[in-house]
Structure formats: C-alpha cells, structure tokens
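In case you want the letters, here they are:
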Amino acid sequence: MVVRKARENAGLTQYELAEELGLDGKTILNIENFRGNPKFDSLNPLVNLLKIPGDKLFYPDIKENESHKHQLLLEIQSCNDNEAAELLRVVRYMLEILRRQNSDS
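What you see is a predicted model, and the numbers here were worked out from it, not measured in a lab.

What counts, and where the lines are drawn
- Residues numbered from 1 in each chain as written.
- Predicted model: local features only at pLDDT ≥ 70, side-chain atom pairs only at ≥ 80, totals over all residues.
- Heavy atoms only, no water.
- Helix = DSSP H or I, 4+ residues; strand = E, 2+ residues; numbered from the N terminus.
- Rg over C-alpha atoms; globule rule 2.2 N^0.38 Å.
- Salt bridge = Lys/Arg side-chain N within 4 Å of Asp/Glu carboxyl O.
- Buried < 20%, exposed > 50% of the residue type's maximum accessible area, 1.4 Å probe, protein only.
- Contact = heavy atoms within 4.5 Å.

Asks: Could you give me a rundown of the overall build of the protein chain, with the residues and numbers involved?
Replies: For the protein chain, the helix and strand inventory stands at seven helices and zero strands. In the protein chain, the succession of α and β elements from N to C terminus is α-α-α-α-α-α-α. Relative to the 2.2 N^0.38 estimate, which gives 13 Å for 105 residues, the radius of gyration of the protein chain is 17 Å and therefore markedly larger than a compact globule would have. A principal-axis box enclosing the C-alpha atoms of the protein chain has dimensions of 55 × 30 × 25 Å.

Asks: Summarise the pattern of salt bridges; cite the residues concerned and give the values.
Replies: Where charged atoms from two side chains of opposite charge approach closely, those side chains can pair. In the structure shown here, the tally under the stated rule is four salt bridges. Residue Arg4 is joined to Glu32 by a salt bridge in which the shortest nitrogen-to-oxygen separation is 3.4 Å. Placement of the pair is Arg4 in helix α1 (residues 2-9) and Glu32 in helix α3 (residues 25-32), with a sequence separation of 28 residues. Taking the relative accessible area as the measure of exposure, Arg4 reaches 25% and is therefore partly exposed. Linking Arg89 and Glu86 is a salt bridge whose minimum nitrogen-to-oxygen distance equals 2.5 Å. Of this pair, Arg89 and Glu86 are both found in helix α7 (residues 81-104), three residues apart, which corresponds to roughly one turn of the helix. By relative accessible area, Arg89 is classed as exposed at 54%. A relative accessible area of 46% means that Glu86 is categorised as partly exposed. One continuous salt-bridge network, built from bridges that share partners, spans Arg4, Arg7 and Glu32.

Asks: Just give me the short version of unusual backbone geometry, but keep the residues and values in it.
Replies: Non-glycine residue Phe34 carries a positive phi angle of around 60°. Mapped onto the secondary structure, Phe34 falls in the loop between α3 and α4 (40-50). Although it is not a glycine, Lys51 sits at a positive phi angle of roughly 55°. Its location among the elements puts Lys51 in the loop between α4 and α5 (54-58).

Asks: Explain the environment of Pro38 to me, and be specific about the residues and the numbers.
Replies: Here Pro38 lies in the loop between α3 and α4. Residue classification places Pro38 among the partly exposed positions, given a relative accessible area of 34%. Along the chain, Pro38 and Thr27 lie eleven residues apart, while their C-alpha atoms are 7.8 Å from each other. The residues touching Pro38, leaving out its near neighbours within four places in the chain, are Ile31 and Leu43.

The structure is reproduced here in structure tokens:
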C-alpha cells in the first residue's frame, strides 16, 4: 500500500515507474501486492525515486498524525552529506532551546 500510494502521489502508472527504474512492470506489481521479496537492487532505486522513508516502508502502521516528522524526514532524506551535517548542528541547537522553553513553562 505504501509503494502504491507513493507512486500514485507521484502521478506515475506502474508501467511508467517500471520504465523509469529500468524494471519489469510485473516487478512493480509484485512489490505493490506484497508478492515475493524484491531484491535490494530493485527496491532501493524505487524507494529513493518515490521518496519513501524507510520507516514508512518497513513500519507502514506509523500514525499519520506524525506528519510533521514525516515531512522533516523527507526533507532530510533529500540533503547531501554536507547539508545534513550543517542541519544536524542547527537541529540540535534548536531542540536544546525548545526543550529549555518547555521545561520552564
């Protein structure tokens, strides 16, 4: 369900997605219908193209009300390593401030 929803949100058909990834259309169909175990070489490009975070792929029952965390993870996933290093410093600093404010209230 996660892969199908992400594919549909991207506006792609199974055939278009398969072609984009250089896969057989049946591979996409099988992944979406939980048939077999896809190889990492097939699954990794699919997950990256559709920007599916690992937690959603392996833990699809995570509550949707945590959408801000999900959006944050998607943004972080799109960063290169240098950007991630800079963001990590900023996030740690901001969390320290927010947590201090919450403990003072």
